[in-house]
Amino acid sequence: MKITDKLNEAHKSPAGSAPTYSFEYFVPKTSQGVQNLYDRMDRMYGLGPAFVDITWNAGGRLSNLTCEIVETAQATLGLETCMHLTCTGMPREVVENALKQAHDAGCQNILALRGDPPHESEKWTATEGGFSYAKDLVKYIRATYGDYFDIGVAGYPEGHPEEPDVDKLVGYLKEKVDAGATFVITQMFYDADNFINWVHKCRAAGITVPIIPGIMPISTYDSFMRRANWCQIQIPESFLKTLEPIKGDDAHVRDVGTKLVANMCERIIDAGIKHLHFYTMNLEKSVVMVLEELKLVQDETPVETVATNALPWRQSLGRARREESVRPIFWKNRKHSYVSRTQDWDEFPNGRWGDSRSPAYGALETYGVLLRQPSAKAIKLWGHPKSSHDLGELIVHYLRGDVKSLPWSDSPVSNEIDSIKERLIALNERGILTINSQPAVNGVRSTDPIHGWGPSNGYVYQKAYLELLVPPEVNAWLISKINAHNEDGIITYYSVNNDGDLLTNTPDECGPNAVTWGIYPGKEVIQPTIVEKISFLAWKEEAFRLTLEWSHCFPEGEAARKFLETVSKEWYLINIVFNDFQNEYGIFEIFDEK
């Protein structure tokens, strides 16, 4: 979706008086930095940004990584994304490739910049065969892609190092807008009155597109001064008088700086500006503190609960996946893996699950290492499990929120399981290890803060679901217990080991089993989450390989390595659906020790 359309839609609603906001991220220099950035963007998704933008490196040195991050943000994280594109060091073919990748990823927003000169040069020069000015880049994008992209350009309320005359710069900005730019994002500033006066100049010059102020939170005194000096912007005397005496106390600077920046934002909002763009510097806390001070998010509210969901899982904004409305529950907590693995599955251009007998299902070879944690971090997070008891203790710590992820789950445990948490803990303490679950829900309102999703005038339902990792003897015992409790056929299961020995009571002719659905006026029943055999077999390969990769974090011969290798090679993965959604705790009766 275009940024201008999204902002227009947000601000014309009855709640449109509330300002919206967005975040900028830059490309990290290391692969681990990129992974950490994805984790941070994933968390900050819950703050509800209207969009995020990803910078382009001067000289295009990491241009492919920029495109990769844009695609991941758009398709996997479900974030509306804007890609920076500069003229610096950019031959025309590089620009063409970057625009094509953005287009194919479903990104509809480009921030077209001339860019800073390379570090080794004091003066900016055009690349041979490239573009000389942002205006030229805007014209090229318009000529090539028509109205597909929203095109943003930079504004300079306090002048530019190469042109201090603000009036001239307003004239140049008007030329960029006339060339096809549809919104403006400004350089950072701290003088609200100067910015407001500059906006009036822009409007007087005939610039009518949205003007978005660039906001830089204050995290430390040194970084605050360094960035202000680098951009050659004015620091109000009130900022200096307040921050100078406490500059040696980083925590105090951040607290006081938060109030200064929030006051500036309030002044801007009062002047009629409805959107704020935060330069995050890939940091989280300082941005959250400003949003809390502005009462745009609630202090101490978990990030995951701030945004509302159209579906009970994170929806992709990838070009080929926007209409996707069904997912298997197995990847509930591994959306990165799910989106990556299914991008070439034959059915997804149709936006439905459809016939899942594609030969692409289950192929892991093209996805490289699955475990997202390096060895040292995995050991720090998950310890040295040497037995079922140790593994059960780890999962109990996860369920209680003390551990933020597991090898099979990238996300912290959600409050969705609060009603069954103690029962899950009891199972794990008995060596019946739960790696995925959901409680039964019988018609709660779609606005429910825990289980709700979709339009506000509906009701949602779900069947109780458990996914377990157990040794062979427990698997055999468990299947016997299911059979003993299943005279009415209300329980269905699939159980499989790494060799593919599948046990199930679900006939082959049965289709996908919907385990989550919603009922809304004027709509068909929406069934967004399913259990289905072929995708379960694909997931089992991933689950067991994750366990094997985890074992490789330990040296040969170490007890933890031997135990986890045994888990990956000999244990069973079993999923159980209790199809009576009106029986809240019936699924747990299976495990009675009578």
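Each remark here, short or long, concerns the structure printed above.
Just so you know, these numbers come straight off a predicted model, no measurement behind them.

Cut-offs and rules
- Residues numbered from 1 in each chain as written.
- Predicted model: local features only at pLDDT ≥ 70, side-chain atom pairs only at ≥ 80, totals over all residues.
- Heavy atoms only, no water.
- Salt bridge = Lys/Arg side-chain N within 4 Å of Asp/Glu carboxyl O.
- Helix = DSSP H or I, 4+ residues; strand = E, 2+ residues; numbered from the N terminus.
- Buried < 20%, exposed > 50% of the residue type's maximum accessible area, 1.4 Å probe, protein only.
- Phe/Tyr/Trp six-rings, centres within 6.5 Å; stacked < 30°, edge-to-face > 60°.
- Lys NZ or Arg CZ within 6 Å of the ring centre and 35° of its normal.
- Contact = heavy atoms within 4.5 Å.
- Pairing = 2+ DSSP bridges.
- Axes fitted to C-alpha atoms, helices over the stretch in contact; angles between N-to-C directions.

Side note on the pattern of salt bridges
Pairing of side chains with opposite charge becomes possible as their charged atoms draw close. For the structure shown, the criterion picks out 20 salt bridges. Linking Asp 167 and Lys 201 is a salt bridge whose minimum nitrogen-to-oxygen distance equals 3.0 Å. Of this pair, Asp 167 sits in helix α6 (residues 166–178) while Lys 201 sits in helix α7 (residues 192–204), placing them 34 residues apart in sequence. Among the salt bridges present, the one from Glu 324 reaches Arg 327, with a minimum N-O distance of 3.3 Å. Judged by relative accessible area, Arg 327 falls into the buried class, the value being 6%. Where salt bridges share partners, they join Arg 40, Arg 43 and Glu 284 into one cluster.

Overview of the packing of aromatic side chains
Summed over the entire model, instances satisfying the criterion amount to 21 aromatic pairs. Members of the aromatic cluster, each reached through a chain of ring pairs, are Phe 330, Trp 331, Tyr 338, Tyr 494, Phe 536 and Trp 539. In this structure, Arg 314 is placed above the aromatic ring of Tyr 45, and the distance from its NZ or CZ to the ring centre is 3.5 Å. Directly above the ring of Tyr 585 sits Arg 423, whose terminal nitrogen or CZ lies 3.7 Å from the centroid.

Quick notes on the environment of Leu 169
Along the chain, the position of Leu 169 falls in helix α6. Spatially, the C-alpha atoms of Leu 169 and Cys 202 are 9.9 Å apart, while their sequence positions differ by 33 residues. With near-sequence residues (within four places) excluded, Leu 169 lies in contact with Tyr 156, Gly 159, His 160 and Glu 163.

Some thoughts on the environment of Asn 415
Mapped onto the elements, Asn 415 comes out in the loop between α14 (388–399) and α15 (421–429). Exposure remark for Asn 415: the relative accessible area of 34% places this residue in the partly exposed category. Counting along the chain gives 16 residues from Asn 415 to Leu 399, while the straight-line C-alpha distance between them is 9.8 Å.

Side note on the sheet that holds strand β5 (residues 150–155)
The 8 strands are arranged β1-β2-β3-β4-β5-β6-β7-β8 in a closed barrel whose pairing can be described as parallel. Taking each pair of neighbouring strands and ignoring which way they run, the sheet shows an average axis angle of 30°. In this sheet, strand β2 (residues 52–54) lies alongside strand β1 (residues 20–25) in parallel orientation, the contact comprising 3 bridges. Residue pairing across strands places Phe 23 opposite Val 52, the latter belonging to β2. Seen against the sheet, helix α1 (residues 3–12) touches β1, β3 (81–86), β4 (109–113), β5, β6 (183–188), β7 (211–215) and β8 (275–279) and runs at an angle of roughly 150° to β1. In the packing of α7 onto the sheet, contacts are made with β5, β6 and β7, and the angle to β7 comes to roughly 155°.

By themselves, these are just geometric observations and shouldn't be taken as functional.
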